[in-house]
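Chains, contacts and geometry: an overview
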Amino acid sequence: MDILFATPLAAVVEEAKDYVNGLDTVWVLLGAILVFWMQPGFALVEAGLTQSKNTANILMKNFVDFMFGTVLFWIMGFSIMYGDGNGFIGWEGFGFIGSDSNVPAECTFMFQTVFAATAATIVSGAMAERTKFSMYVVFSVLISAFIYPIEGHWSWGGGWLSEMGFHDFAGSTVVHLCGGAIALAGAIVLGPRVGKYGKDGKSRAIPGHNLLICALGVFCLWVGWFGFNPASTVAATGYANAVSMSHVFVTTNMAAATGAIAAMFYTWIVDGKPSLSMLCNGVLAGLVGITAGCDCVSIGSAALIGVIASVLMCMSVSFIDKVCKIDDPVGAVSVHGVGGIAGTILTGVFCDPSIDGVEASIGTQALGALAVGVFAFVCGMILFTVIKHTHGLRCDRIIEEEGLDIYEHGEACYN
């Protein structure tokens with residue numbers, strides 16, 4: 001005790017700060033690990049919902065997203081997103097990784113890197129089974145290096161949307177709507193898979209080869225979302241942060257559960273049988289929907305957001321497939337695009353300032369979703385159209401019919 005009181009107060013305070021910063025850092029890095037765990041989740045979902053002859057290609061694409069995304073986001077993406085600049089774009093030079101705050105700069109950089117990889121991965125599903133692998137590498141790099149960082153700067157880097165009061169806690173718009181809008185552009189430019197639509201124009205089902213691994217992937221994503229949302233508090237110490245983390249955990253889980261329930265009953269009523277594949281997408285739609293407002297809506301509101309996002313997703317899947325004649329093999333546009341829009345706007349509807357001090361208006365939320373969605377879609381259309389008319393975006397018909405695994409990679413996932 002005498003030794004304790006003999007220690008200068010300044011030294012005690014400094015030691016306490018180190019202790020607090022250490023716990024915050026561990027929490028954020030744990031969150032980064034959980035978000036990284038979403039990469040195998042996305043790979044399993046996409047592989048399970050598509051044909052076995054393209055599984056190796058799909059797994060390769062998911063590796064590409066994180067491999068090249070990591071390097072390009074370090075070289076320039078993080079600087080564009082978080083560097084000082086103007087309301088539209090930031091810049092602090094190549095290799096910029098920020099500065100220390102309550103956690104080290106490298107901790108923040110790693111956490112944001114896994115988010116950037118997620119945005120690129122979303123696009124893969126909508127363009128599955130017919131895209132040249134070489135061109136996939138090209139546009140995956142450009143998404144991580146330019147498109148995602150620019151629109152991310154608007155909301156999270158101090159850009160014009162953040163100045164207007166736009167609230168997107170963990171990325172319903174910044175990550176998911178961005179990826180969904182680019183995915184829509186890609187699916188439009190590519191066109192449908194061979195045999196997807198008959199001569200009469202009617203949609204034909206092309207079943208996925210393994211719902212088991214699809215369901216396992218959804219469980220991986222559900223777990224990963226507990227890093228995606230709660231770790232976005234970027235702090236774990238202090239009672240206020242503990243309350244915020246706990247609340248985000250509960251709202252995230254609630255929206256996923258109600259999203260699954262809504263999709264199950266929707267397909268049961270509309271199609272006559274409860275669909276496992278649509279239930280899986282219902283989980284994801286609920287998670288995407290709650291991501292924007294998980295910190296500032298009540299548990300009951302989170303349940304409603306999950307239901308609304310899931311039902312809109314189910315309706316969107318049918319509309320995009322049967323009315324628009326756009327082939328999205330895994331429903332990525334509906335889950336991430338429609339779910340992201342719904343969740344962002346519903347944050348303005350259900351936001352409760354008494355929970356976390358956040359105020360979000362419906363108008364500002366709608367404007368933010370519109371701005372990011374249009375920007376990402378236009379960038380995607382330009383990018384994919386240029387690739388289509390230069391090197392070519394789509395693989396040859398014979399490759400598509402026999403499978404990308406052998407032709408593009410020289411090996412099959414299943415022998």
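Quick look at the structure, then. Here the structure is a predicted model, which means the values were calculated and not measured.

Taken together, I261, F265, W268, I269 and V270 make up a surface patch of nonpolar side chains, about 540 Å² in accessible area. Structurally, W268 can be placed in helix 10 (residues 239-271).

On to the environment of Q51, then. Mapped onto the fold, Q51 is located in the loop between helix 3 (38-48) and helix 4 (55-82). Between the alpha carbons of Q51 and A128 there is a distance of 9.7 Å; along the sequence they are 77 residues apart. Apart from the residues within four sequence positions on either side, Q51 is in contact with E129, I206, P207 and H209.

As a further point, take the state of the cysteines. All told, the structure shown has zero disulfides when counted by the stated rule. C214 provides the cysteine sulfur closest to C220, a residue in no disulfide bond, and the two sulfurs are 11 Å apart. Under the relative-accessibility criterion, C220 is labelled buried at 8%.

A word on helix 12 (residues 299-323). Residue pairs three or four apart in sequence face the same way in an α-helix, which turns once every 3.6 residues. When the terminal C-alpha atoms of helix 12 are compared, their 35 Å separation across 25 residues agrees well with the 36 Å that a helix rising 1.5 Å per residue should span. In the stretch just after helix 12, K325 is the one whose phi turns positive, near 60 degrees.

A full pass over the atoms with the stated rule returns six salt bridges. R193 serves as the salt-bridge partner of D327, at 2.7 Å between the closest nitrogen and oxygen. In this pair, D327 is assigned in the loop between helix 12 and helix 13 (332-350) and R193 in the loop between helix 8 (172-190) and helix 9 (211-228), connecting sequence segments 134 residues apart. Both residues of the pair, D327 and R193, belong to the buried class. For D321, the salt bridge is made with K196, and the minimal N-O distance between the two is 3.5 Å. Taken together, the positions of D321 in helix 12 and K196 in the loop between helix 8 and helix 9 put the pair 125 residues apart, joining distant regions of the chain.

Let's shift gears to helix 6 (residues 133-156). A bend of about 45 degrees at I143 is the largest found in helix 6. Most of helix 6 sits inside the fold, with 19 of its 24 residues counted as buried. Once helix 6 ends, the next one or two residues include G158, with phi positive near 85 degrees.

This part is about the side chain of S334. Mapped onto the fold, S334 is located in helix 13. Judged by its relative accessible area of 1%, S334 is buried. A distance of 2.8 Å separates polar atoms of two side chains, one belonging to S334 and the other to S316.

Okay, unusual backbone geometry next. Despite not being glycine, V234 shows a phi value in the positive range, around 55 degrees. Note on placement: V234 falls in the loop between helix 9 and helix 10. By relative accessible area, which is 26% here, V234 ends up partly exposed. The phi torsion at K325 lies on the positive side, around 60 degrees, for a residue other than glycine. Residue position: K325 is located in the loop between helix 12 and helix 13. With a relative accessible area of 36%, K325 lands in the partly exposed category.

Reading the values: rules and limits
- Residues numbered from 1 in each chain as written.
- Predicted model: local features only at pLDDT ≥ 70, side-chain atom pairs only at ≥ 80, totals over all residues.
- Heavy atoms only, no water.
- Patch = residues over 30% accessible without salt bridge, like charges linked within 9 Å, V, L, I, M, F, W, Y side chains within 5 Å.
- Areas by Shrake-Rupley, 256 points an atom, 1.4 Å probe, with all protein chains shown as cover.
- Salt bridge = Lys/Arg side-chain N within 4 Å of Asp/Glu carboxyl O.
- Helix = DSSP H or I, 4+ residues; strand = E, 2+ residues; numbered from the N terminus.
- Contact = heavy atoms within 4.5 Å.
- Disulfide = S-S within 2.5 Å.
- Buried < 20%, exposed > 50% of the residue type's maximum accessible area, 1.4 Å probe, protein only.
- Expected span 1.5 Å × (residues − 1).
- Bend = angle between axes of the 7 residues up to and from the residue.
- Polar contact = N/O pair within 3.5 Å; in protein donor to acceptor, adjacent residues only side chain to side chain.

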